[in-house]
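For reference, the chains in residue letters:
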Amino acid sequence: MSVSKALLEVCVPSGIFCYRNIKKVEDGEPQRGTVAFAQGAKIVQACANYNETTAKTANSLSSIFNEYAKKYKPVDYAGKAVKWATKNVNPLICASSVIKTAASDDKVGTGITEAGALAGMFAGEGMMKVYMDKVINGDNVLKLANKTKKFTWMKPLTEFLAKSGKSSKVAAVVKGILFVCGSMGSYSIGHSLAEKYSDRVKASLGIEPKKIDQKA
């Protein structure tokens, strides 16, 4: 059974983000655990619904779960929490930044840099969502492959894409990877810009500047 383009578009970026957040938890940011969980839940949910057979099984299991949950409220609350998490990854990221700020010795400085990082990330992701589909798609992947088929080592790949019709799936994978890179890059840029102005803001508030150890 082939993997759909829609599934790749969810699983590629969510898988990378999930891994990165797990590593952040391991590096001493436990608040990132909820974000990793939400990204992982998105992958599971997408896999359960990307084809009719699996979706029916998932729906059947969901019905059994719902009946069970009616009798045991804690289970019901847990199920609703999972559904909420998959649809609210960004609020969870914001919440993790709030927790990180609250736990920091330099709350003002950390708050400024976290706010700048998140603003940069959301701005970058917003732009990518608007323009990425227009640039990275199956047609453009095939056009690029055709332009490079003059290279002997590229010819088999070009012929494969043309005959198999998998250019849209290749585009989905490339798009997912670039989205992650763009998101991380936007976060880092926002963080760096905010960090430059952090000491100025603290000075204006009468707070002694302090070097902040932040991880993008």
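Keep in mind that this is a model prediction, so the values were computed, not measured.

Time to look at the packing of aromatic side chains. Applying the stated criterion across every chain yields a total of one aromatic pair. Centre to centre, the rings of Phe17 and Phe179 are 6.4 Å apart; their planes meet at 85 degrees, and the pair counts as edge-to-face. Of the two residues, Phe17 is situated in helix α1 (residues 5–26) and Phe179 in helix α9 (residues 167–204); the sequence distance between them amounts to 162 residues. Look at Phe179 and you get buried, because its relative accessible area is 16%. Sitting above the plane of the Tyr187 ring, Lys24 keeps its charged end 5.3 Å from the centroid.

Bringing the nonpolar core into the picture now. By size, the foremost hydrophobic cluster in this structure holds ten residues: Val35, Ala38, Ala85, Val89, Leu92, Ile93, Ala117, Leu118, Met121 and Tyr187. Within the residue set of this core, elements represented by two or more residues are α2 (33–49), α5 (89–103) and α6 (107–135). Not counting residues up to four positions away in its chain, the partners in contact with Leu118 are Ile93, Cys94, Ser97 and Tyr187. By size, the runner-up hydrophobic cluster in this structure holds eight residues, among which are Val141, Ala171, Phe179 and Val180.

Running from N to C, helix α7 (residues 138–147) and α9 point in directions that differ by 100 degrees, and their axes come no closer than 7 Å. When the interaxial angle is binned, α7 and α9 end up roughly perpendicular. Contacts from Gly138, Val141 and Leu142 of α7 reach α9 at Ser167, Ser168, Val170 and Ala171. Split by residue class, the contact of α7 with α9 holds four nonpolar, three polar and no charged.

Now for the confidence of the model for the protein. Of the residues in the protein, 70% reach a pLDDT of 70 or more, and the chain-wide mean stands at 78. Mean pLDDT across the elements of the protein ranges from a minimum in helix α3 (residues 52–71), with 56, to a maximum in α6, with 90.

This next bit is on the pattern of salt bridges. All told, the structure shown has five salt bridges when counted by the stated rule. One salt bridge in this structure joins Glu9 and Lys175, with 2.9 Å as the shortest N-O distance. In this pair, Glu9 sits in helix α1 while Lys175 sits in helix α9, placing the two residues 166 residues apart along the sequence. Here Glu9 falls in the partly exposed class, since its relative accessible area comes to 28%. Salt-bridge contacts for Lys100 lead to Glu114; the nearest nitrogen and oxygen are separated by 3.5 Å. With Lys100 in helix α5 and Glu114 in helix α6, the pair connects residues that are 14 residues apart, well separated along the chain. Considered together, Lys100 and Glu114 belong to a single accessibility category, that of buried residues. Put simply, Glu9, Asp133 and Lys175 are held in one network by salt bridges that share partners.

Once that is clear, we can look at the side chain of Ser97. Its location among the elements puts Ser97 in helix α5. Given a relative accessible area of 5%, Ser97 falls into the buried group. Each residue touching Ser97, except ones within four places of it in the same chain, is listed here: Glu114 and Leu118.

With that settled, the discussion passes to the environment of Tyr197. By the element assignment, Tyr197 lies in helix α9. Residue Tyr197 is classed as partly exposed on the basis of its relative accessible area, which comes to 47%. Through-space distance from the C-alpha of Tyr197 to that of Gly109 is 9.4 Å; in sequence the pair is 88 residues apart.

Conventions used here
- Per-chain numbering applies: the sequence of each chain, read as written, is numbered from 1 onward.
- pLDDT decides what is reported in this predicted model: residues at 70 or higher carry local features, side-chain atom pairs at 80 or more are listed and counted, and totals for whole chains, interfaces and linings draw on all residues regardless.
- With hydrogens and water excluded, all non-hydrogen atoms of the structure serve as input to the side-chain values.
- Note on ring pairs: Phe, Tyr and Trp rings are taken, using the six-membered ring of Trp, and paired if centres are within 6.5 Å. Classes follow the plane angle, with under 30 degrees stacked, over 60 edge-to-face and the rest tilted.
- Numbering of helices and strands runs from the N terminus; a helix is a DSSP stretch of H or I covering at least four residues, while a strand is a stretch of E covering at least two.
- Throughout this description, buried means an accessible area under 20% of the type-specific maximum (1.4 Å probe, protein chains only), exposed means over 50%, and partly exposed covers the range between.
- Put simply, a charge is over a ring when the Lys NZ or the Arg CZ is close to the ring centre, within 6 Å, and near the line of the ring normal, within 35 degrees.
- The set of buried Ala, Val, Leu, Ile, Met, Phe, Trp, Tyr and Cys residues whose side-chain atoms join them within 4.5 Å is what this entry labels a nonpolar core.
- Contacts are residue-level and defined by heavy atoms, with any inter-residue pair within 4.5 Å sufficient.
- All axes here are fitted lines through C-alpha atoms, helices being fitted over the stretch that makes contact, and every angle between N-to-C directions spans 0 to 180 degrees.
- In this scheme, roughly parallel covers angles under 35 degrees and roughly antiparallel covers those over 145, while 65 to 115 is roughly perpendicular and the rest are oblique.
- Gly counts as polar in this scheme, as do all residues outside two lists: the nonpolar Ala, Val, Leu, Ile, Met, Phe, Trp, Tyr, Cys and Pro, and the charged Asp, Glu, Lys and Arg.
- By definition, pLDDT measures how confident the predictor is in each residue, and it falls between 0 and 100.
- One speaks of a salt bridge when a side-chain nitrogen belonging to Lys or Arg is within 4 Å of a carboxyl oxygen belonging to Asp or Glu.

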